[in-house]
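Listed here are the chains, written in short residue letters.
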Amino acid sequence: MQCVTCSAPVNIAVIKYWGKRDETLILPANSSVSVTLHQDQLQAQTSVAASCHFEKDRIWLNGQEQSIDNPRIQNVIKEIKRRARKQKAGNRDNAAEKLNWKIHICSKNNFPTAAGLASSAAGYACLVYALQCLYQIDGDITAIARRGSGSACRSVHGGFVMWDKGQKHDGTDSIARQIQPHTHWSDLRVLILVVNEQKKHTGSTEGMQVTMETSELLKERIQSLPNKTEQITQAICDRDFKTFAEITMKDSNQMHACCLDTYPPISYLTDVSRRIIQLVHCFNRKYQEVKVGYTFDAGPNACLFLLKKDVQKFLHLVKHFFPPTREDKDFIRGNTAELMETESDDSEEDLSYFPFDPMDDSLKYIIYTMPGPGPQELPSDQSLLDEDGLPRKRS
Ligand code: 2P0
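Residues numbered from 1 in each chain as written. Predicted model: local features only at pLDDT ≥ 70, side-chain atom pairs only at ≥ 80, totals over all residues. Heavy atoms only, no water.

(A) Inspection of the packing of aromatic side chains at higher detail. A complete count under the given rule lists 13 aromatic pairs for this structure. Ring centres of W185 and F241 lie 6.4 Å apart, and the angle between their planes is 80 degrees; this geometry places the pair in the edge-to-face category. With W185 in the loop between strand 11 (176-180) and strand 12 (188-195) and F241 in helix 7 (residues 241-260), this residue pair connects regions lying 56 residues apart in the sequence. Taking relative accessible area as the criterion, F241 reaches 8% and is therefore assigned buried. Judged by centre distance (5.2 Å) and plane angle (80 degrees), the rings of F244 and F305 are edge-to-face. Taken together, the residues F244 in helix 7 and F305 in strand 14 (residues 302-307) connect sequence positions 61 residues apart. Accessibility assignment for this pair places F244 and F305 in one class, buried. (Phe/Tyr/Trp six-rings, centres within 6.5 Å; stacked < 30°, edge-to-face > 60°. Helix = DSSP H or I, 4+ residues; strand = E, 2+ residues; numbered from the N terminus. Buried < 20%, exposed > 50% of the residue type's maximum accessible area, 1.4 Å probe, protein only.)

Shown next as structure tokens:
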């Protein structure tokens, strides 16, 4: 049996992918830009084992065995094997034999799926990266990750990433590339405000399809995006926070406007999301500077960008306006060690500047994180599969 174990990150789009030009190949209607988040806080882990003794391909996700017949998983495996065969054709390496062995896949996230974060992006990026390591494939794998889930191709790289929509019908040029590594902008920070809500939302795949079919506004959006995409790429390269945050907020607002323009309409934002937006604008107005930017995906959770120096001040306000009802030591998660180091914020905020009341119990928790690197291969002692290729039971 041969086994590899890898980890992959979550990414948050600042220019959103919303609409496909090809449903089967998962080709986007527009190019998108994202920030890869640090794996210390949010990551998927996947072990893939191949053995001549396995009877069939099997997959376990977060402890539950799932059907391997999911077409997206099948497409990913098929594409990886096709590439591997092509590359092995020239040499007599007996690794080619491994391609006929059945595989076992075991994957888990280190964050609750309930957090409503893009777990499929991290999951598919991790699966494709692990298969690449197992079969020792060279070259771009983002186009293969894309076949699992569009946004997954961006999680194959760390830092700041652009997914090119591409022009070709076969999608071979619809790939993701790194704009800058995570180390490029070392004081950029991220707060994820996980909203307390049980409601099931329209899935992104279905949502973006109906928007594509019915929204006039989306057509306008697609026309105007190349310009914005170029501007935000430049802002990232220049570490120009104001431009970066403004384009991020406007793009999120526009994506959600297109969702409302969908027929029947789709609304992902809730009163809590809208209050977060209000708080950010109020805060920026008070300081007469764009200090915080927000973006929302296909759900009510907010992803906020800000600089390290402003985190304490803003977090103080978040805790005031979105307090947990009970004392909760776990309310702020993630890189809390850094928060301890920078705890000394002396100036008292004038709360009367913010014309609204606190919303009790509206957030589940807050995750404090930052941009981070791409997928990694992990040591074999971190394997999720045991020596028989079955999910390891952890005590
Ligand atoms: C994004 N989202 O750019 C946008 C913004 C959600 C909101 O990519 O159908 O799960 O698998 O390609 O990648 C979520 O869509 O959709 C997404 P499929 P995916 O991050």
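(B) Spotlight on the domain arrangement of the protein chain. Annotation of the protein chain at the domain level lists domain 1 (2-185 + 375-382) and domain 2 (188-369). Listed as interface residues are 31 residues of domain 1 and, on the opposing side, 48 residues of domain 2. If you sort the residues of domain 1 by the area they bury against domain 2, K16, W18 and W185 come out on top, with a joint share of 31%. Remark: the boundary between domain 1 and domain 2 carries one salt bridge. Here K16 makes a salt bridge to D297, at a shortest N to O gap of 2.6 Å. Counting across the interface, domain 1 meets domain 2 through ten residue pairs in polar contact (both at pLDDT 80 or more). Within the residue set of the side of domain 1 that touches domain 2, elements represented by two or more residues are strand 2 (11-15), strand 5 (32-36), strand 10 (160-163) and strand 11. By residue number, the principal contributor to the side of domain 1 that touches domain 2 is strand 2, which donates four residues. Tallied by class, residues from the side of domain 1 that touches domain 2 come to 19 nonpolar, eight polar and four charged. (Domains from an automatic or database assignment. Contact = heavy atoms within 4.5 Å. Buried area = accessible area lost by both parts, 1.4 Å probe. Salt bridge = Lys/Arg side-chain N within 4 Å of Asp/Glu carboxyl O. Polar contact = N/O pair within 3.5 Å; in protein donor to acceptor, adjacent residues only side chain to side chain. Nonpolar A, V, L, I, M, F, W, Y, C, P; charged D, E, K, R; others polar.)

(C) Molecular detail of helix 6 (residues 216-238). Under the 1.5 Å per step criterion, the end-to-end length of helix 6 is 34 Å for 23 residues, consistent within 8% with the ideal 33 Å. At L225, helix 6 shows its largest kink, close to 45 degrees, and the proline P226 lies no more than four residues downstream. Contact partners of the buried residues in helix 6: strand 2, strand 5, strand 10, strand 11, helix 5 (204-214) and helix 7. Note on helix 6: the residue one or two positions beyond its end, R239, has a positive phi of about 50 degrees. (Expected span 1.5 Å × (residues − 1). Bend = angle between axes of the 7 residues up to and from the residue.)

(D) Quick look at the packing of helix 6 against helix 7. Between helix 6 and helix 7, the shortest axis-to-axis distance is 10 Å and the interhelical angle comes to 160 degrees. Taken together, the axes of helix 6 and helix 7 lie roughly antiparallel to each other. The way helix 6 lies across helix 7 gives a crossing that is left-handed. For the pair formed by helix 6 and helix 7, the contact residues are L217, L218, R221, S224, L225, K228, Q231, I232, A235 and I236 on the first element and T243, F244, I247, T248, K250, D251, Q254, M255, A257 and C258 on the second. In terms of residue class, the contact of helix 6 with helix 7 is made up of eleven nonpolar, five polar and four charged. (Axes fitted to C-alpha atoms, helices over the stretch in contact; angles between N-to-C directions. Parallel < 35°, antiparallel > 145°, perpendicular 65-115°, else oblique. Left-handed = near helix turned anticlockwise from the far one by under 90°.)

(E) Seen up close, the side chain of R154. The topology assignment puts R154 in the loop between helix 4 (142-148) and strand 10. For the buried R154, no salt bridge is present, and the opposite-charge side chain at shortest range is D297, 6.3 Å distant. One polar contact links R154 to N11, side chain to side chain, over a distance of 2.9 Å. Of note is the side chain of R154, whose polar atom sits 3.3 Å from the side chain of S34. Once residues lying within four places of it in the same chain are set aside, the contact partners of R154 are N11, A13, Y17, S32, S34, T36, V161, W163 and A176. (Lys, Arg positive; Asp, Glu negative; His and termini not counted.)

(F) Seen up close, the side chain of S47. Checked against the element boundaries, S47 lands in strand 6 (residues 43-51). You can call S47 buried: its relative accessible area is 0%. Only 2.8 Å separates the side chain of S47 from the side chain of T5, close enough to count as a polar contact. A distance of 2.8 Å separates the side chain of S47 from the backbone nitrogen of L384, its partner in a polar contact. Apart from the residues within four sequence positions on either side, S47 is in contact with C3, V4, T5, H104, I105, C106, S383, L384 and L385.

(G) Representation of helix 8 (residues 271-286) in the model. Between its first and last C-alpha atoms helix 8 spans 22 Å; for 16 residues at 1.5 Å apiece the expected length is 22 Å, and the two agree. Among the residues of helix 8, V272, S273, R275, I276, I277, L279, V280, C282, F283 and N284 are the ones counted as buried. Structurally, helix 8 contributes buried residues whose contacts are with strand 12, helix 7, strand 13 (292-296), strand 14, helix 9 (311-321) and strand 16 (363-369). The positive-phi residue at the C-terminal boundary of helix 8 is Q288, with phi of around 50 degrees.

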